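Architecture at a glance
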Amino acid sequence: LKQINENGETALTLSLLSKGCHERDEQSLTSWRALLEAEPKLASIPNTKGQLPLHIAISKQMLAWDNGLKEIFTANPYAITARDAVTGFQPFLHVAMLGDVSSSFELLRADPSVIMM
């Protein structure tokens, strides 16, 4: 589970990047949730671009707070303070810009101090 490929992708990030990964795809959700449950530290490993799994999930617009983002955040709550190395945005701002205001609110509610960073 802890193996990393040449792009810095773990099994978790590869699962999130798969075309089938979407909140409506129960098999895909089960797959990455099992990985995260077995090894929560996977949520803390950035790829070679500097993106954490939370950034990847947001940029792919595949998961809402109540159906995936919350689990990734819970496994690595510090990710909320990290800017996405590709977009430069903090997670709460990036998800809001993509139109998921509800997830943005939940991220801000989890750590209101990020608005000051």
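To be clear, the structure that these remarks concern was listed above.
Residues numbered from 1 in each chain as written. Predicted model: local features only at pLDDT ≥ 70, side-chain atom pairs only at ≥ 80, totals over all residues. Heavy atoms only, no water.

1. Description of the side chain of Thr10
Note that Thr10 resides in the segment before helix H1 (11-17). Residue classification places Thr10 among the buried positions, given a relative accessible area of 1%. Once residues within four sequence positions are removed from consideration, Thr10 is found in contact with Gln3, Ile4, Leu42 and Ile45. (Helix = DSSP H or I, 4+ residues; strand = E, 2+ residues; numbered from the N terminus. Buried < 20%, exposed > 50% of the residue type's maximum accessible area, 1.4 Å probe, protein only. Contact = heavy atoms within 4.5 Å.)

2. Quick look at the pattern of salt bridges
Taken as a whole, this structure holds 2 salt bridges when the rule is applied. Salt-bridge contacts for Glu71 lead to Arg33; the nearest nitrogen and oxygen are separated by 2.9 Å. Remark: Arg33 occurs in helix H2 (residues 26-38) and Glu71 occurs in helix H4 (residues 69-75); sequence separation between them is 38 residues. According to the relative accessible area criterion, Glu71 is partly exposed, its value standing at 28%. Residue Glu106 pairs with Arg109 through a salt bridge whose shortest N-O separation is 3.2 Å. Placement of both Glu106 and Arg109 in helix H6 (residues 101-110) is noted, with a separation of 3 residues, approximately one turn of the helix. Residue classification places Glu106 among the buried residues on the basis of a relative accessible area of 17%. (Salt bridge = Lys/Arg side-chain N within 4 Å of Asp/Glu carboxyl O.)

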